[in-house]
Every structure is written in C-alpha cells, then in structure tokens.
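Listed below, chain by chain, are the residues.
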Number of protein chains: 2
Amino acid sequence: MSPESTPRRFSRRGLLAATSAAGVAAVAGAVAGDATASIFGGERARQVGARRIPFDGRHQAGILAPPAAHGWFAAFDVVPGVTVGQVESLMRTWTRDARLMTAGEPVAGDDSMALGHGPSSLTITVGFGPSLLRKLDAAVQAALTPIPAFPRDQLDRERSDGDIGVLLTADDAIVVAHALRALSRTARGTAAVRWQMSGFNAADGVTVAQGATPRNLMGQVDGTGNPKPSDPEFDARIFADDGPAWMHGGSYLVFRRIRMLLDSWDTLSRERQEQVIGRRKDTGAPLSGGTEFTPFDLDKQNPDGGLAIGPSAHVRQAAPATSGTWILRKGFSYFDGYRADGAPDAGLLFLAFQNDPRHGFTRIQQRLALADELSRFIVHESSALFAVPSGTDPHGYIGQSLFAAL
Amino acid sequence: MSPESTPRRFSRRGLLAATSAAGVAAVAGAVAGDATASIFGGERARQVGARRIPFDGRHQAGILAPPAAHGWFAAFDVVPGVTVGQVESLMRTWTRDARLMTAGEPVAGDDSMALGHGPSSLTITVGFGPSLLRKLDAAVQAALTPIPAFPRDQLDRERSDGDIGVLLTADDAIVVAHALRALSRTARGTAAVRWQMSGFNAADGVTVAQGATPRNLMGQVDGTGNPKPSDPEFDARIFADDGPAWMHGGSYLVFRRIRMLLDSWDTLSRERQEQVIGRRKDTGAPLSGGTEFTPFDLDKQNPDGGLAIGPSAHVRQAAPATSGTWILRKGFSYFDGYRADGAPDAGLLFLAFQNDPRHGFTRIQQRLALADELSRFIVHESSALFAVPSGTDPHGYIGQSLFAAL
C-alpha cells in the first residue's frame, strides 16, 4: 500500500476512525454527500447528480453498475520507451483521481468542466491489453488470445486494440468528458489516447423507472438475457478468479463497435424484424410466447409447423442454451453523423465481460457469424480485448498486484 | 389550413371540443400526459421523460426552450429536381411528425427506438437556408446575406451550409436519435442529410436546479449575458418581425462548430484563463467584481492601474456595450473522439438567434476576430445560416406562409 494513493480529501479524523475498507468507503460517501448537498439546490439534481457509485470494491465498478445514460470508451497506448515504473505511477495517479472524481471531487489542476455537477454515478474501469503486458515484460495469459477474424468483420485497426482501455460511464455527459480529460492530462508523457468513442442510453431514471431493458437503435430491447449477479454461477462465468492473482475479481472485456445498417433494417416489416431477432419489438417477449423475461422455448412451433423462434434468429444463436456460454453484455448506442455514402454512422458500442473470451464472446460470435440472420444488418468495425484487473481496496491502485509481481 | 397536417392521434371528440389553438394544445397535453403516466412507473422518470414542450406557438420551440441535455443539428439538402410541392409536402409531414414526437407519440412506421421514453422535452426547430430559397425561386432577404469569412476561419464546406437546418433538443439522447431518424426517413426522395453533429449539456435537472449557467468544455460558464425574454427589447432584437410575413415570430440562426484547442488552453494558469475570458472560473463573476450576474464594469481598474477586464478579454469584445448588438446564444458541447494530431476533436456547437445576422453575429464576430484573445484557443470549423420561420398554429405547418406566397 502506498501513501500516494490515499485520496487527499478524506479528513484525517475520518481515516483514523475507519478501521476497515468498508469503513473508509462509508466515510467517503458521507463526505461526498455533504459536499453535493451544499452545491445542488433541488431534489431532482440531487437524484441525478449526487448519486454515487463507490470506486473501490472487489470488482471494478463499471462491470456491475446499472445502465448509465452515457458510456465512453478510450484506448490509450503507452509512449515508446516508458518504464514499468512510469506505467505503475500512472495507475497510482489514475486511481487517486478516479476516487476523487467518482466522489464528485476535483482533481489537482482541475479544469472546472464539471464543477458543481456531482458524481452523477460516474464509474471509471481500466483494462490492460495484451500489448501492454508484452511491453511490461509480463506474462500474457491464454485468456488474452486474440479474438479471431470473423467473415464479415470490417475492422479499422487504427480504432481497434490498445495498451490500456478505459470505460467511463455516468448519467451526465459533462462528467464523463471531464473525467476523460483529467485522465488524459495526467497520462501525458506516459500514455496517449489511441482512439475514443462515445455512446449513450436512456436518460437517468427513464429505463430504471419503467422497469425495462434499454433499447438499441434498431428499436429492440437489448440485454434481457444478461446473466444476473444473483445467478449461482454468475461469478464463475464473469469473473476470472481462476487466472493470475492480479485478475482475481477481475474480468475480460471484449469491445466491438458494431455499426447498424439502419436504412436496410428499416425496409423490413416489423414482423420480419421480429423474426430476425426472435423477440417482439414492443414488449421484448420471445416469439415463443410470454413476457420479456419468459425463457425461450426454442422448440415451440407455430401452427404451420415452423419454429416460433426461427433457426437463424439472433436470440437462438446467441442463447446460452445454444452457445453453451454466458457473457455479461453492456451496450451504448452511438450516432456519429453520416458517412460519405449517406448512411448514418450509428450503431452499438458493444462490451462483453466474461471469465475467458475464448469460451465467451469468441464462441458465441463464431455461431453468430455463421448462422445469425441479424449479421446481414450489422458490421463489426472495431475490436479490442482487455484484461480488467481486480477492483481496489481504498489504499490500493489499479493493477497493483500485477506491478508488485514484475 | 390543411387536413393532412392534423395530428392523427387527437381524438375526434377532443378536436371538436377544442375551439381555439390553445384548446387544441391543452387537449394534446392531456392526451400525452395520460399515455406517459401509463408507461412510466416512477416519479423520476415522469420528471425526466414526461416533460413536454409544446410544439406550436408564435416562435418555434427550440429558440426559447431551456438548455437541454442533448442538442443535435442536422443540415439537409433537397434532392436535385424536386418540386416546390414536394418540399411543401415534406414540411407538412415533418410538422405532423414533430407534433407527435414532441408529445411522446409514435409516428407512422415508427421504429420503436424511443418507445416508452416520453417527450423528454423534445423540440424540433426547422430553418431554411438561402440555397433553399433560391431553389424554390423565392426572394432571398438581405438578412440571409452570407456570413463573411473571418481571418482565422478553417471552414469545412462539406460540413457547412445546407438547404434546411434542423435543431433537435431533448433531455434523452435516444429521443433525439429517434426523432432525427424519423425526419430523415420521411425526407427520403425529397431531401437527404448533408451533415449532422451532436452536442450535450448537463443532464436534465443539474443546471436548472443549481441555478447556474451551463459550463463549456473550457470549464467556463457560458451564456450568462444572454438577453432575457423579459427584456423590453428582447423581441425586437431576436425575432424578425420586420421581415417577410413568413418570418414574423421567426428568427435567424447562425450555426458555428467551434473547436477548442483544449491542450493549449490547459497550459494556461487559472488566472490567465480568467483574464482571457474576463470572468472568474468558479463563480462566473466578471473580473470587475460581484457575482455571475453583476453587470460588467469595463472601466474598473486594478490597483496597478490596468483594466480589471483587459482590452482583449472575450467578454469585453463580445459585450453589447462594446459591440452594440445582442444575440441569443445556445451552446452544446461536442466531443467527437481524437484527431490524427492527438488533440481532442471537441468544442462547442454554437448557435445564435437574432433578428438580422448582419447586425448580430457578424458584427460581434468582426470584433472578436480582431481583438479577442480567446480566438487563439478556438477554431471555427463549420458555418451555416438559416431563416427560422414563424412558429405554427396547431393546424398549420412550418413555412406555410412562405409556400402560400410562392
């Protein structure tokens, strides 16, 4: 544990009184809550801006956080010639600053961009690409085996991969922009942004309050079948507790930028769209019947003898019953203007967390690339793979046990 | 008045009972409110999603609407060879669909993208570029004289100008994306998107509740000096009541994409940044003293004899006392990833409404281009000018009195 990584805004009294990690987190929460209450005047702002997701914990917070209104992803490459010590130092600084910002506190040299905005449910989750591990002369675990190429991939290598990946989520876009600027400023000389993409979901409250799963730009509910932390097998499927020590409580993140061919999609009737997905558009219920959360009945037949959920329906091919595997998906829609061909440059920033991508995303995508009818309406344009290390205790920093072992 | 422009979802009984424009609007409000209440379960969602800004009125709603969390702008060009009748028909269709969507109702052939999201304060504001008027063989009023080139402009002509400009604002990004898709779908064959940009502000509630002006990505409050509708001269300065009949209650919109050189800006100390702007960063108060809304004292001297608000401070050069003119500014921050040179492609989508850009934006910008120290830290990358016609009555459509006179 290093004194540099201690958040600077905790009162000495608070730190002395806290005898456990949970105690420190509680103190930090109380401090952040007080500061926020004095800045905001209204109940709604308190709800939107003051909601705070603790930074420290067994897992990095972005993995299990509820859907946020904004999700941005930035991939950094370390500057040629940097030392292991410089990268370690950056992780200490980022951890310190992430703790401050997720508590709604300014960082050193703060640019004031988000002054008064509160934590706004900010999460900052950091992953290490295989290229970083090689540069650090660290062992690259088998779970970081490259994602294979798939037949319809149109990957832009300049917007793929990266030494360090950072997922930033919050309910306020300014809070995300401020955090990204702060991280890239402190990285100067050690790492620089390789690529960055911004996505969004429903505004804070809308999705949660209506009790529904977010919709993607195709108008389909997206994420219904996600495994739940209450599932008995959840931890074993999503977290990498059987990997190297620095990954215990960590996970592997597959990032894909998936452009949607919305103009083609729009030419399909609603019925055809529902057949391609395998769910109703309005309620999200499987075509085999029931409500959104009714399990698929993959054998259910229509009166004409055909399968209710067709052989190439997306949900059939992606379902754990077919693929034999589970991933925790997180999606953010993007809309980046229009392409030269007149089509919207829009789709889904797709993130999947799992305990081993070889048996998670890759296995599912191998099925989808072969048999999923939806694949005619989407194009994978960017891909990246990161090891997301364990979460931190309140005095630790991201990747600490990796650096300790180098 | 045309039957095609009647919103299709009003009940016959409601329409018959309504004997005035206000009556119809009230009916529409009640319908939207009921539908929304049945979709949303929670109070917060009702606040964020159900808030509705009436589409019809003397002015198009986006001009005076409060700051929204999301502001997207799309410029369309009409397809070569279209007739005046096709453009008029598009305006009828857009008006009908804008009325539905701003009330949280689906349009014909709706893609379900925003199903259940509510109106979310959606506004849709349409302007006509001088190029459209020429294509319609309509007179081009002097107020549409092109914005002159300024010394530091680096305009991308492919992302400038346009026949039709549409400002979409809402507190939920999905609601904006859905509306843009709906408008571009019905435009097919008549007009196509020329360029589109997306911006954001604080999440719904945060800015309003803290009683503060939005901050831009430089961390400065931005918009403090905006004229207020309660100012006695407001209407004369912002609305074009002395122009052609179709512009009564309308306004002229200048759009500029202004990239911020954030890495250079960050190298300045807070004191230098404040001198460049002429306001404190934390409170937004003028350097001549007081609080955010204290009027500038442009003659105030520091103890050393220098001007408290320096000769080239942004607020001095832009202030009505110096420029002799007033514009109603609306800004949305953008963050579009990173450029090849490693700098963030980020800044401000700047919109200014005024009764005549020759005496509004152009006069101010001529001063700023010469003397504003801030101009070293920004680059104007795109420019467009639109005549924003009168608002609509509940049976009318956008530009109706222009088309009636052709």
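Residues numbered from 1 in each chain as written. Chains lettered and ligands numbered in written order. Predicted model: local features only at pLDDT ≥ 70, side-chain atom pairs only at ≥ 80, totals over all residues. Heavy atoms only, no water.

### Remarks on the packing of helix 5 (residues 84–102) of chain B against helix 7 (residues 173–187) of chain B
Residue and element names in this part refer to chain B. Put simply, the rule reads: Here an axis means a line fitted to C-alpha atoms, over the contact stretch when the element is a helix, while the angle between two N-to-C directions is reported on a 0 to 180 degree scale. Elements are defined by DSSP. Helices are runs of H or I of four residues or more, strands are runs of E of two residues or more, and each kind is numbered from the N terminus. When describing relative orientation, an angle under 35 degrees is termed roughly parallel and one over 145 degrees roughly antiparallel, while 65 to 115 degrees is termed roughly perpendicular and anything else oblique. Crossings are classed by handedness, with left-handed meaning an anticlockwise turn of the near helix from the far one by less than a right angle and right-handed meaning a clockwise turn. In this description, contact between two residues means that some pair of their heavy atoms is separated by no more than 4.5 Å.
One way to put it is that helix 5 packs onto helix 7 with a least axis distance of 10 Å and a crossing angle of 155°. Here helix 7 runs roughly antiparallel to helix 5, going by the angle between their axes. As helix 5 runs across helix 7, the sense of the crossing is right-handed. In this structure, helix 5 uses L90, T93, W94, D97 and M101 to contact helix 7, whose residues at the interface are H178, A179, A182, L183, T186 and A187.

### As for the UniProt feature "domain: Dyp-type peroxidase N-terminal" (unreviewed entry) in chain A
Where we set the bar: UniProt positions are given in the numbering used here, feature names are shortened, and annotations may be inferred rather than shown by experiment.
UniProt records the feature "domain: Dyp-type peroxidase N-terminal" (unreviewed entry) for residues 60–201 of chain A in the present numbering. In this annotation, residues 60–201 of chain A is assigned 31% helix and 23% strand; the end-to-end C-alpha distance for the span is 21 Å.

### Regarding the pattern of salt bridges
Counted only if it meets this: Whenever Lys or Arg places a side-chain nitrogen within 4 Å of a carboxyl oxygen from Asp or Glu, that contact is recorded as a salt bridge. Note on exposure labels: buried denotes an accessible area under 20% of the residue type's maximum, exposed denotes more than 50%, and partly exposed covers the range between, all computed with a 1.4 Å probe on protein chains only.
Under the counting rule described, the total for this entry stands at 52 salt bridges over all chains. As a salt-bridge pair, D222(A) and R329(A) come within 3.3 Å of each other at their nearest N and O atoms. Pair noted here: D222(A) is in the loop between helix 8 (206–210) and helix 9 (234–238) and R329(A) is in strand 6 (residues 328–338), with a separation of 107 residues, a long-range link. Judged by its relative accessible area of 27%, D222(A) is partly exposed. The residue R376(B) makes a salt bridge to E373(B) at a minimum N-O spacing of 3.5 Å.

### Quick look at helix 11 (residues 270–277) of chain A
Residues and elements named next belong to chain A. Defined as follows: The arc under discussion is defined with respect to the helix axis, by the directions toward the C-beta atoms.
Turning to helix 11, its buried residues are Q273, E274, V276 and I277. Looking down the long axis of helix 11, one finds its buried residues gathered within 160° of arc, a one-sided arrangement. Those residues of helix 11 that are buried lie in contact with helix 10 (262–267) and helix 12 (314–318). At the C-terminal side of helix 11, G278 shows a positive phi close to 100°.

### Looking at the relation of the copies chain A and chain B
The line we're drawing: The fit set for superposing copies consists of C-alpha atoms from residues with pLDDT of at least 70 in both; the fit itself is least squares.
Rotating chain A by 180° about the axis while translating it 0.0 Å along that axis superimposes it on chain B, leaving an RMSD of 0.0 Å. Such a combination of turn and shift is consistent with a two-fold rotation axis. Here 100% of the interface residues in chain A have copies in chain B that are interface residues too; the copies meet face to matching face.

### With respect to the interface of chain A and chain B
Cut-off, in case you're wondering: Buried area: the accessible surface (1.4 Å probe) lost by two parts on joining, summed over both. Here a polar contact means two N or O atoms within 3.5 Å. Within protein one must be a hydrogen donor candidate and the other an acceptor candidate, and residues neighboring in sequence count only if both atoms are side-chain atoms. Residues are sorted three ways: Asp, Glu, Lys and Arg are charged, Ala, Val, Leu, Ile, Met, Phe, Trp, Tyr, Cys and Pro are nonpolar, and all the rest, Gly among them, are polar.
In this complex, chain A contributes 57 residues to the contact, which on the side of chain B involves 57 residues. For the pairing of chain A and chain B, the buried interface totals around 4,600 Å² over both sides, and the portion due to carbon and sulfur atoms is 58%. On inspection of chain A and its partner chain B, the count reaches 8 salt bridges. The salt bridge partner of R185(B) is D266(A), with a shortest N-O separation of 2.9 Å. The interface formed by chain A and chain B contains 20 residue pairs in polar contact (both at pLDDT 80 or more). It is helix 7 (residues 173–187) of chain A that contributes the most residues to the side of chain A that touches chain B, 7 residues altogether. Taken together, the residues that form the side of chain A that touches chain B break down as 23 nonpolar, 17 polar and 17 charged.

### What to know about the UniProt feature "domain: Dyp-type peroxidase C-terminal" (unreviewed entry) in chain A
Those places that UniProt annotates as "domain: Dyp-type peroxidase C-terminal" (unreviewed entry) correspond, in this numbering, to residues 213–392 of chain A. Regarding residues 213–392 of chain A, the helix share stands at 22% and the strand share at 24%, and the terminal C-alpha atoms are separated by 29 Å.

### What to know about the packing of aromatic side chains
The test is simple: Ring pairs are drawn from Phe, Tyr and Trp, using the six-membered ring of Trp, whenever the two centres fall within 6.5 Å, and their geometry is named by plane angle: stacked under 30 degrees, edge-to-face over 60, tilted for the rest. Lysine and arginine charges are scored as sitting over a ring when NZ or CZ, respectively, is within 6 Å of the ring centre and within 35 degrees of the ring normal.
Within this structure, the stated rule accounts for 30 aromatic pairs over all chains. Judged by centre distance (5.6 Å) and plane angle (20°), the rings of F73(B) and W195(B) are stacked. One end of the pair, F73(B), is in strand 1 (residues 70–78); the other, W195(B), is in strand 4 (residues 191–200), with 122 residues separating them in the sequence. Like F73(B), the residue W195(B) is buried in the burial classification. With a centroid separation of 5.4 Å and 75° between ring planes, the pair formed by W265(B) and F377(B) is classed as edge-to-face. With W265(B) in helix 10 (residues 262–267) and F377(B) in the loop between helix 14 (361–371) and strand 8 (378–388), the pair connects residues that are 112 residues apart, well separated along the chain. The residues W265(B) and F377(B) share a single accessibility class, namely buried. In textbook terms, an aromatic cluster arises when at least three aromatic residues are bridged by ring pairs, as seen for W72(A), F200(B), F335(B) and Y338(B). The cationic tip of R237(A) hangs over the ring face of W326(A); the distance from NZ or CZ to the ring centre is 3.3 Å.

### Remarks on helix 14 (residues 361–371) of chain A
Residue and element names in this part refer to chain A. Within the span of helix 14, buried status applies to F361, T362, I364, Q365, L368 and A369. Buried residues along helix 14 cover an arc of 155° about the axis, so they all sit on one side. Against the buried residues of helix 14 lie strand 5 (251–260), helix 12, helix 13 (320–323), strand 7 (344–354) and strand 8 (378–388).

### Brief notes about unusual backbone geometry
A positive phi angle is found at S121(A), which is not glycine, with a value near 60°. Here S121(A) is to be found in the loop between helix 5 (84–102) and strand 2 (123–128). On the basis of relative accessible area, S121(A) is assigned to the buried category, the value being 5%. Look at D137(B): it is not a glycine, yet its phi comes out positive at around 60°. Mapping D137(B) onto the fold places it in the loop between helix 6 (130–135) and strand 3 (164–170).

### A closer look at the side chain of S184(B)
Residue placement: S184(B) occurs in helix 7. For S184(B), a relative accessible area of 11% corresponds to the buried category. Residues contacting S184(B), with those up to four places away along its chain left out, are Y338(A), F76(B) and V193(B).

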